[in-house]
Amino acid sequence: MPSEIIIKCSKAIAALNWNIAFAESATAGRMSAEFSMTKESGKILRGGIVCYEVFVKQQILHVPHNVIVKYTAESAEVTQILAQQASQIFNSKITVAITGLTTSGGSETKEKPVGTIFFHILTPNDKISYRKVFKGSDEEIVLQAIDKTAELILESIAAI
């Protein structure tokens, strides 16, 4: 069952006759799944791509290798490129890209600890780049990030 904020966000997207697509790294498809369980899913959900591994980011979403080397696969810079590329692939009104660290063993540092999530959201009237450090288990981090995405979209839509 999707959270209340996901349901509210889906209704708001449907009310505008918009659609949404995802490029998911850290959430590995869970965000698409959460939005797919709303009553509006057939009206709003265009699709998504799981780009968990660097290979997919580079080969399918065309993130330049040098950008990943310079900033890491979990970074604001890579997340922005993922959003731009997914927006072109899906021709979506709203495109969400998300990367981050839900478990140890990645590119975590003191400045970028486990729980760090990068968001980049494109809408017809906004470009949202956001970073937040969440606490909890890997699943709790993912679910908090999904809800934060819905919150960011709703804030952007409210500004219309």
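These numbers come from a predicted model, not from an experiment.

S.K.: It is not clear to me how the layout of surface pockets should be interpreted in this structure. Could you clarify?
M.R.: Gaps left between atoms show up when a probe the size of a water molecule is rolled over them. Of the pockets and cavities examined, the largest pocket occupies roughly 150 Å³. For the largest pocket, the full set of lining residues is Ser25, Ala26, Tyr52, Glu74, Gly100, Leu101, Thr102, Thr103, Ser104, Gly105 and Gly106. Among the residues making up the lining of the largest pocket, the classes are represented as 3 nonpolar, 7 polar and 1 charged.

S.K.: So what exactly am I meant to see when it comes to helix H1 (residues 4-15) here?
M.R.: Each full turn of the α-helix corresponds to 3.6 residues, which orients residues three or four apart in the same direction. For H1, which comprises 12 residues, the first-to-last C-alpha distance of 16 Å matches the rise-based estimate of 16 Å (1.5 Å per residue) to within 8%. For H1, the full list of buried residues reads Ile6, Ile7, Cys9, Ser10, Ala12, Ile13 and Ala14. Of the surrounding elements, those touching the buried residues of H1 are strand E1 (20-24), helix H2 (30-36), helix H3 (41-44), strand E3 (94-100) and helix H7 (138-158). Of the residues flanking the end of H1, it is Asn17, one or two places downstream, whose phi is positive at about 60°.

S.K.: Help me out: how do you make sense of the state of the cysteines in this one?
M.R.: Among covalent bonds in proteins, the disulfide is the one between the sulfur atoms of two cysteines. Inspection of every chain in the model, using the stated rule, returns 0 disulfides. A disulfide-free cysteine, Cys51 has its sulfur positioned 19 Å from the sulfur of Cys9, the nearest such atom. Judged by relative accessible area, which is 0%, Cys51 ranks as buried.

S.K.: Please explain the side chain of Thr27 as it appears in this structure.
M.R.: Its location among the elements puts Thr27 in the loop between E1 and H2. If near-sequence neighbours (up to four positions away) are discounted, Thr27 is found in contact with Ile98, Val142 and Ile146.

S.K.: How do you make sense of the packing of aromatic side chains when you look at a structure like this?
M.R.: How two aromatic rings sit relative to each other is set out by the distance from centre to centre and by the angle between their planes. Scanning the model with the defined rule gives 3 aromatic pairs in all. Aromatic pair Phe22 and Phe35: ring centres 5.3 Å apart, planes at 45°, arrangement tilted. Remark: Phe35 occurs in helix H2 and Phe22 occurs in strand E1; sequence separation between them is 13 residues. When sorted by exposure, Phe22 lands in the same class as Phe35, which is buried. Among the aromatic residues, ring-to-ring pairing joins Phe119, Tyr130 and Phe134 into one connected group.

Reading the values: rules and limits
- Residues numbered from 1 in each chain as written.
- Predicted model: local features only at pLDDT ≥ 70, side-chain atom pairs only at ≥ 80, totals over all residues.
- Heavy atoms only, no water.
- 1 Å grid on protein atoms, 1.4 Å probe; cavity = no way out; pocket = protein on both sides within 12 Å on 5 of 7 lines; lining within 4 Å.
- Points joined across faces, edges and corners; volume = space filled by probe spheres on them.
- Nonpolar A, V, L, I, M, F, W, Y, C, P; charged D, E, K, R; others polar.
- Helix = DSSP H or I, 4+ residues; strand = E, 2+ residues; numbered from the N terminus.
- Expected span 1.5 Å × (residues − 1).
- Buried < 20%, exposed > 50% of the residue type's maximum accessible area, 1.4 Å probe, protein only.
- Contact = heavy atoms within 4.5 Å.
- Disulfide = S-S within 2.5 Å.
- Phe/Tyr/Trp six-rings, centres within 6.5 Å; stacked < 30°, edge-to-face > 60°.

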